[in-house]
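Residue-level structure breakdown
Take a look at the letters that make up each chain.
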Amino acid sequence: MAEKTDMESGKTFNGDAYLEEPVANGINSQKMKASVPLSQRVLKIVKTNLLVILTVAGVIVGVFIGLGVRNVALTKAQVIYVGFPGELLIRLLKMIIIPLVVCSLVSGAASIDPKALGKVGGYAMLFFLVTTLIASSIGVVMAFIIKPGSVSVSKPAGLDDEVPAHKEVIDSFLDLIRNIFPSNLVSSAFQSYATSYKLVKKNGTDGNPNITVEQVPFGTDQDGMNILGLVVFAIVFGVALRKLGEEGEILIKFFNSFNEATMVLVSWIMWYAPIGIMFLVAGKIVEMEEVGKLFASLGKYIACCIIGHAIHGLLVLPGIYFIFTRKNPYTFLWGIFTALATAFGTSSSSATLPLMMKCVEEKNGVSKHISRFILPIGATVNMDGAALFQCVAAVFIAQLNNTSLNFIQVITILVTATASSVGAAGIPAGGVLTLAIILEAIGLPTTDISLILAVDWLVDRTCTVLNVEGDAFGAGILQFFVDRDAKQKGTELSEVRVDGDQSAPDPEYSPLIGKQGRRDCSEGDKMARNEKESAM
């Protein structure tokens, strides 16, 4: 028992634990480097990063398979068969989204002190809001510099039917609030609330035969998970369980066990991810039609989005992480590479959530309390990539229509893109739906969204990568602050003990790690009582 307690008390977070053990990055003593042969060190690196290597190989092989199969005249059915293994990966990941999000948020909110919960949640929302606003600004600046709408663009055929229906801006934001409070939790697992309109004829009240037509909004249920409502309910329910005290412990343990079992399933699915990603990429390349014409007309728009995503993902987010933590952000990025590749393959931040949790916990040392509370919230409200792409698309459509945007309209684009990204669904092409809100807000035609849909299969993938990367960096920065606060409290309490106050209370661990601390303290008390009884 004593050995177990010593081992558990020695655990640290945010990557420190991995530095103390021999790891594959070569972070080891010079003596061990000299004694271990090079072949063994290389083998150890390969074993440690095997999943990442397989994922990279899957993407590369998928590109070659797709390019090779494109030369063969395949029917529509055969194209679907090529992408079937990739479809299985998406289905497996979507299968565990709801239990993972609900259980992780309930157990996370229940294990954190309400004051600390508000503090951590506030910091997370502030980080997400600021980074989304920066991403939106980058999108607008890139669109004004590159001017993607200054070229002649031909509209692709067959995409007008997919353009979202007209909706008033106020109704879009009211729908967002309605979805925060779902009327039925079961139906919110596969449906969300959306406003539609019906035309009502009214006769004139002055006796004249004047007939006016009024557009009246009414509610409908549309297909698609209401993840925002589930997230809010899970957090509030977790806080309520904590308020119950001992009566809620049994249910908290149930959600903790459910969450751990779900993560075991995730670890199994991770090993199928390289195969699924390979066929997802291959299938998408085979599906593409008239790629040359598409890139010739929309090449500047695609370049504008991808360059903007690269600047935000490779410079801005790592820069923010380095400023706060003084740690190498690119080592952090390497740790989540499998999740980023999955995001690129599936084009869904919600489907990537299980793998992202596993990566930040095992590779980057983020504690479970942080990752399983912050990442589900981030997957719902943090959409850096979507906000950037929406700003580029809005300016692009304005340039196509020879509409010059004034300062107020640019600010409207920034604010609307940042606000509407909160309600964007974490599904493929979810950002296109919220793009209609921005176009309505600045008075641009929504029919031009068909141009965006033509290349959305590519731009949406880099959007998703940027979305999940922002979530991961947010979790890493919060973990750093939690560790720092815990160390400061520990230092202050140790100084009090040294000064001779033997009756000083036991150290207060961070509320985020409090559960482990309480368990260790209880085991220590039992050992002390046993020793006292044996002495007597």
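Residues numbered from 1 in each chain as written. Predicted model: local features only at pLDDT ≥ 70, side-chain atom pairs only at ≥ 80, totals over all residues. Heavy atoms only, no water.

1. Overview of the pattern of salt bridges
- Scanning the model with the defined rule gives six salt bridges in all.
- The partner of Lys358 in a salt bridge is Glu362, and the shortest N-O contact between them spans 3.4 Å. One end of the pair, Lys358, and the other, Glu362, are both in helix α17 (residues 349–362), four residues apart, so they sit about a helical turn from each other.
- Residue Lys358 is classed as buried on the basis of its relative accessible area, which comes to 13%. (Salt bridge = Lys/Arg side-chain N within 4 Å of Asp/Glu carboxyl O. Helix = DSSP H or I, 4+ residues; strand = E, 2+ residues; numbered from the N terminus. Buried < 20%, exposed > 50% of the residue type's maximum accessible area, 1.4 Å probe, protein only.)

2. A few points about the packing of helix α8 (residues 97–111) against helix α12 (residues 249–270)
- The contact between α8 and α12 brings their axes to 9 Å, and the two run at 135°. Comparing the axis directions of α8 and α12 gives the class oblique. You can see that α8 and α12 cross each other, and the crossing is left-handed. Between α8 and α12, the contacting residues are Pro99, Leu100, Cys103, Ser104, Val106, Ser107 and Ala110 on the first element and Ile252, Phe255, Asn256, Phe258, Asn259, Thr262 and Met263 on the second.
- Each residue belonging to the contact of α8 with α12 can be placed in one class, and the counts come to nine nonpolar, five polar and no charged. (Axes fitted to C-alpha atoms, helices over the stretch in contact; angles between N-to-C directions. Parallel < 35°, antiparallel > 145°, perpendicular 65-115°, else oblique. Left-handed = near helix turned anticlockwise from the far one by under 90°. Contact = heavy atoms within 4.5 Å. Nonpolar A, V, L, I, M, F, W, Y, C, P; charged D, E, K, R; others polar.)

3. Let's talk about a nonpolar patch on the surface
- On the surface, Leu38, Val42, Val46, Leu50, Ile53, Leu54 and Trp271 cluster together to form a nonpolar patch covering roughly 600 Å² of accessible area.
- Among the elements of the structure, α4 (38–48) and α5 (50–70) are those that each provide at least two residues to the nonpolar patch.
- Note on placement: Trp271 falls in the loop between α12 and α13 (273–287). (Patch = residues over 30% accessible without salt bridge, like charges linked within 9 Å, V, L, I, M, F, W, Y side chains within 5 Å. Areas by Shrake-Rupley, 256 points an atom, 1.4 Å probe, with all protein chains shown as cover.)

4. Digging into helix α10 (residues 169–180)
- If you check α10, its first and last C-alpha atoms are 17 Å apart, about what twelve residues at 1.5 Å a residue would give, namely 16 Å.
- Residues of α10 that are buried: Asp171, Ser172, Asp175, Leu176 and Asn179. Buried positions in α10, seen along its axis, are confined to an arc of 150° and lie on one side of it. (Expected span 1.5 Å × (residues − 1). Arc of directions from axis to C-beta.)

5. Focus: unusual backbone geometry
- Of note in the backbone geometry, Arg326 takes a positive phi value of approximately 60° without being a glycine.
- Its relative accessible area of 60% is what places Arg326 among the exposed residues.
- Residue Ser347 is not a glycine yet carries a positive backbone phi of 60°.
- Relative to the helices and strands, Ser347 resides in the loop between α16 (337–346) and α17.
- Accessibility expressed as a relative area gives 6% for Ser347, which makes it buried.

6. Observations concerning the environment of Ala124
- For Ala124, the location among the structural elements is in helix α9 (residues 114–146).
- Accessibility expressed as a relative area gives 4% for Ala124, which makes it buried.
- In the structure, Ala124 is positioned 353 residues away from Ile477 in sequence and 9.2 Å away in space, judged by C-alpha atoms.

7. Quick look at the nonpolar core
- Among the nonpolar cores identified, the biggest contains 115 residues, and Tyr301, Ile336, Met356, Phe373, Ile374 and Ile413 are the most heavily contacted of them.
- Ranked by residue count, the leading element in this core is helix α23 (residues 456–498), at twelve residues.
- With residues near it in sequence (within four places) discarded, Phe373 still touches Leu105, Gly108, Ala109, Ile112, Leu117, Val120, Gly121, Ile235 and Lys368. (Core = buried A, V, L, I, M, F, W, Y, C linked by side-chain atoms within 4.5 Å.)

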